[in-house]
Every structure is written in C-alpha cells, then in structure tokens.
Amino acid sequence: MSGPLILGIETSCDETGVAVVEGSTVRSSVLASQTDLHARFGGVVPEVAARAHVEALRPLVHRALTTAGVHSDQLDAVAATQGPGLAGALMVGFSFGKALAWSLEKPFLGIDHMEGHLFAPLLDHGAYAPPAVVLLASGGHSQIVHVHDWGRYELMGATIDDAAGEAFDKLARFMGLGFPGGPAIDRASDGGDPTAVRFPRALPDRPYDFSFSGLKTSVVTFLEKAKAEKSVPPLADVAASLQEAIVDVLVTKTFNAVEAAEVTTVAGGGGVLANRRLRARLQEEADRRGVALYLPSPALCTDNGAMIASAGTFRLGRGDVASWPADVNPALRLA
Ligand code: KG4
Ligand code: ZN
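Report on the accompanying structure. (Residues numbered from 1 in each chain as written. Chains lettered and ligands numbered in written order. Predicted model: local features only at pLDDT ≥ 70, side-chain atom pairs only at ≥ 80, totals over all residues. Heavy atoms only, no water.)

## Some words on helix 7 (residues 213-228)
With 16 residues, helix 7 extends 24 Å between its outermost C-alpha atoms, agreeing within 8% with the 22 Å of an ideal straight helix rising 1.5 Å per residue. Along helix 7, the residues that are buried comprise Leu215, Val219, Val220, Leu223 and Ala226. Buried residues of helix 7, viewed axially, fall in a sector of 135°; they line one side. Every exposed residue of helix 7 that faces more than 90 degrees away from the buried side is listed here: Lys225 and Ala228. Phi turns positive, to about 50°, at Lys230, one or two residues after helix 7. (Helix = DSSP H or I, 4+ residues; strand = E, 2+ residues; numbered from the N terminus. Expected span 1.5 Å × (residues − 1). Buried < 20%, exposed > 50% of the residue type's maximum accessible area, 1.4 Å probe, protein only. Arc of directions from axis to C-beta.)

## Quick look at the state of the cysteines
Here the structure, examined in full by the defined rule, presents 0 disulfides. No disulfide involves Cys13; its sulfur sits 16 Å from that of Cys301, the nearest cysteine. (Disulfide = S-S within 2.5 Å.)

## Observations concerning the sheet that holds strand 9 (residues 265-269)
Backbone-to-backbone hydrogen bonds pair the strands of a sheet. The strands run either parallel or antiparallel. Judged by pairing direction, the sheet is mixed, and its 5 strands sit side by side in the order 8-7-6-9-10 without closing on themselves. Every interior strand has two partners, whereas the edge strands, strand 8 (152-158) and strand 10 (292-294), have only one. Here the average twist between neighbouring strands, direction ignored, is 25°. Examined bridge by bridge, strand 9 and strand 10 share 3 bridges and lie parallel to one another. Paired with Thr265 across the bridge in strand 10 is Ala292. (Pairing = 2+ DSSP bridges. Axes fitted to C-alpha atoms, helices over the stretch in contact; angles between N-to-C directions.)

## Topic: the coordination of the zinc ion (ligand 2)
Taken together, the protein ligands of the zinc ion (ligand 2) are His113 (NE2), His117 (NE2) and Asp303 (OD), with distances of 2.0 to 2.1 Å. Coordination of the zinc ion (ligand 2) draws on donor residues from a single chain, spaced H-x3-H-x185-D in sequence. Here the residue His113 and the residue His117 both occupy positions in helix 4 (residues 113-119), the gap between them amounting to 4 residues, near one helical turn. (Donors = N, O, S within 2.8 Å, 3.2 Å for Na, K, Ca; no water.)

## Brief notes about the nonpolar core
Note that soluble globular proteins tend to have their nonpolar side chains buried in a common cluster. Core analysis: the largest hydrophobic core is formed by 44 residues, its most contacted members being Ile246 and Leu250. When near neighbours in sequence (up to four residues on either side) are disregarded, Leu250 contacts Leu135, Ala164, Phe210, Phe212, Val272 and Leu278. Formed by 31 residues, the second largest nonpolar core is a distinct cluster that contains Ala79, Met114, Ala132 and Val147. (Core = buried A, V, L, I, M, F, W, Y, C linked by side-chain atoms within 4.5 Å. Contact = heavy atoms within 4.5 Å.)

## Considering the site of ligand 1
Ligand 1 sits among 20 residues. The nearest are Gly139, Asp169, Gly182, Asp186 and Asp303. Residue His117 places a side-chain N or O atom 3.2 Å away from an oxygen atom belonging to ligand 1. At a separation of 3.2 Å, an oxygen atom of ligand 1 approaches a polar backbone atom of Gly165. Protein contacts shield 89% of the accessible area of ligand 1, which totals 550 Å² for the unbound molecule. Those elements that provide at least two residues to the shell around ligand 1 are helix 4, helix 5 (164-174) and helix 6 (181-188). Sorting elements by how many residues they give to the shell around ligand 1 places helix 6 first, with 4 residues. Looking at the shell around ligand 1 residue by residue, the class counts come to 5 nonpolar, 12 polar and 3 charged. (Near = heavy atom within 4 Å. Polar contact = N/O pair within 3.5 Å; in protein donor to acceptor, adjacent residues only side chain to side chain. Areas by Shrake-Rupley, 256 points an atom, 1.4 Å probe, with all protein chains shown as cover. Nonpolar A, V, L, I, M, F, W, Y, C, P; charged D, E, K, R; others polar.)

## Focus on the packing of helix 7 against helix 8 (residues 235-261)
Viewed as axis vectors pointing N to C, helix 7 and helix 8 meet at an angle of 160°, and their least axial separation amounts to 11 Å. By the angle class used here, helix 7 and helix 8 are roughly antiparallel. At the point where helix 7 passes helix 8, the crossing takes the right-handed sense. Residue-level contacts link Leu215, Val219 and Leu223 of helix 7 to Val238, Leu242, Ala245 and Ile246 of helix 8. (Parallel < 35°, antiparallel > 145°, perpendicular 65-115°, else oblique. Left-handed = near helix turned anticlockwise from the far one by under 90°.)

## Observations concerning the pairing of strand 9
Counting buried positions along strand 9 gives 5 out of 5 residues, so the element sits mostly inside the fold. Pairing analysis gives 4 bridges linking strand 6 (residues 132-137) to strand 9, with the strands arranged parallel. Note on strand 9: the bridge partner recorded for Val133 is Val266. A crossover links strand 9 with its parallel partner strand 10, the connecting element being helix 9 (residues 276-289), and its sense is right-handed. (Right-handed = clockwise from strand over helix to strand, strands pointing away.)

## As for the pattern of salt bridges
In this structure the tally under the stated criterion is 18 salt bridges. One salt bridge connects Glu285 with Arg289, and the closest N-O pair in it is separated by 2.8 Å. Taken together, the residues Glu285 and Arg289, both in helix 9 and 4 residues apart, mark about one turn of the helix. The partly exposed category is assigned to Arg289, whose relative accessible area is 32%. Among the charged side chains, a network of salt bridges with common partners joins Arg201, Glu244, Asp248, Arg277 and Arg281. (Salt bridge = Lys/Arg side-chain N within 4 Å of Asp/Glu carboxyl O.)

Below you can see the structure in the form of structure tokens.
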C-alpha cells in the first residue's frame, strides 16, 4: 500500500532511530544503539545519550535515505519524537528534524513516542485497526490503552510505580546479568521452569493497573535467603520465574481490559513486547478467546524511527503539522 513518504526520527532515550516509511511499508529503518556506552553505568545517562544522538544522527539520516533509495526532496514530511523522554535527547532529534523540514520546505510533525508504539503494529499487520486494546510496556511506561479510534485514546490502566521494562532492568542489574535487563532475562530464562519459584503478582484487586517495585524486593529477599541456606536454584529457573511474574500480570490485565472494553482486537508495543514468553502467552490467550492479536516484529517493539514515521503518516493526514516554534515536551502524555 502506498502513502506519503515520511522520514521518522526517534531520539527519546538511548537509541537513535531513523526510518523512511511509505504508508505502511518500511522502506528503511536504521538504528545506532548506545547500549554499550551506558552499560558500564548500569542505566541510561541523559547527558551521554544526548551527545551520542548528536554524533549518530546526521550519518544515520543519510543512511536511511540511501537505503530507501529516496532523495530528501522526495519526502512528503519529516516526523520526530516530541516526548515523552529525556529532554536533552529529545531536543537533538526534534531540532534536527525541524531544521531539515524547514530547509526542504516540507511539513514537520512532532510525535508522541507512545503514539509511535501504538502505530508500530500497523507496519507488520495491515489489518490492525481500532477499536482495540493495546498494551504498551517499555522502560519508561506500562499502560493499557483503549484505542477507540486513531487519535482517540483512553488510558485504562498504568503502573503505579516502576514500568515493566524498568523492573526487568533493575532485576537483571541485581542479578549481574547486564544492561538492558529485558533481553538478558529473556535469554537467561531459556530452559528454565517458570513455576520453580512463585514470586508475587501485585495489585490483584485493580484490574488494569500494575505495580512492579515489590517484585524486586521479593526477588532480592528470596535470593539472599537461598544463598544463606546454600540452596540457590539454577539461574534459568529464577529468571523464568520472575519473568513469569511480570508476564502473568501483563497478560491478565490486558485481557481484563479486552473484556471490559468489549473489543475483538488486541495489540502491543514497546520494548517489553519483544519478550518471547510474553508474546507466546498473549498469543495463547488471544487464540483461546478468539480475538485478533497484532504484535510488531521484535525490532519494531523496541524504539525505532519507523514507528514515529507511521504515527506521522496519521498526523499528516489529519493536518496536525507542528508550528515552527514548537518545542519538545519530556512529560507529554498520550491520554
Ligand atoms: O520501548 P523501549 O525500546 O524504550 C523505551 O521507550 O523505554 O523499551 C526498552 C525496555 C527496556 O527496559 C528493556 O529491558 C525492555 O524494553 N526489553 C525487554 C526485552 N527487550 C527489551 N524486556 C523483556 N524482554 C525482552 N526481550
Ligand atoms: Zn519506547
């Protein structure tokens, strides 16, 4: 399916992502990951992230255009993440995008990062359409959104403390598995028994909300006690069990929302949706209930420029063009 040619720029956190998207076709999507830069600090350092975006962005835009076989003159618009995210990091991509659009005399679109994650499934699944319930789970957010229509979002639930990705990251750091923690725990859980240790599932009385901060305490307490008693279970079992505790609540509460919203479409976005166990459990539950599940491919779950261009396509169609004085908004909220 063709559509406008949009250059998407994502710099809200620690990945510089640039893509050229035409309708729902990804013509190119390139990434400069800063993972190694931040790994020795065990988390993202905002100033380091912003500087790395400055270095990576210009060559990456060039590579995205070259790979797509597109000259910048052919673009219909430039889209960049406006928020939420790290102020300095956001400013790099937003200012670059705005200057590029200005020099090309093309519209500039400021995109909500979470709306980008909402649109990502569309790049793999043309049939994905509202009304839908969408689970957004990343390093900074865990939300359940009822998408009544594109652009009309209702926040049904959210985390009251840590985001799901943050829980993975903190637990992996504690267990010495490295950064980012999600992929490390995903790998470490290979062959492990998810029922080996029963870690708590928080907030059972709040159908759509999450809480993950207690899980860390519980894992730390469990491992310290097990060490003292010289009865530490195999790493794969611990990783699979804590992963199961996170996945369990994400799946249960997403489908609570599906039931309440009476939708037959469920989707997901954000880095945590790259998790193999979460994907399998969501699919199982969707099949059991006969609802359609649309998940982006793992590379489009984590931050990327294509999802920003995809949301940009919708915003351009609506005429939601950013004004030249527009600025980043690190605290931008979807709904
Ligand atoms: O969406 P994203 O790339 O960036 C934010 O917007 O935050 O999400 C990053 C988060 C990190 O916390 C990372 O540990 C988590 O997504 N993540 C995963 C997996 N891959 C990335 N969590 C669990 N399993 C994975 N395979
Ligand atoms: Zn994200």
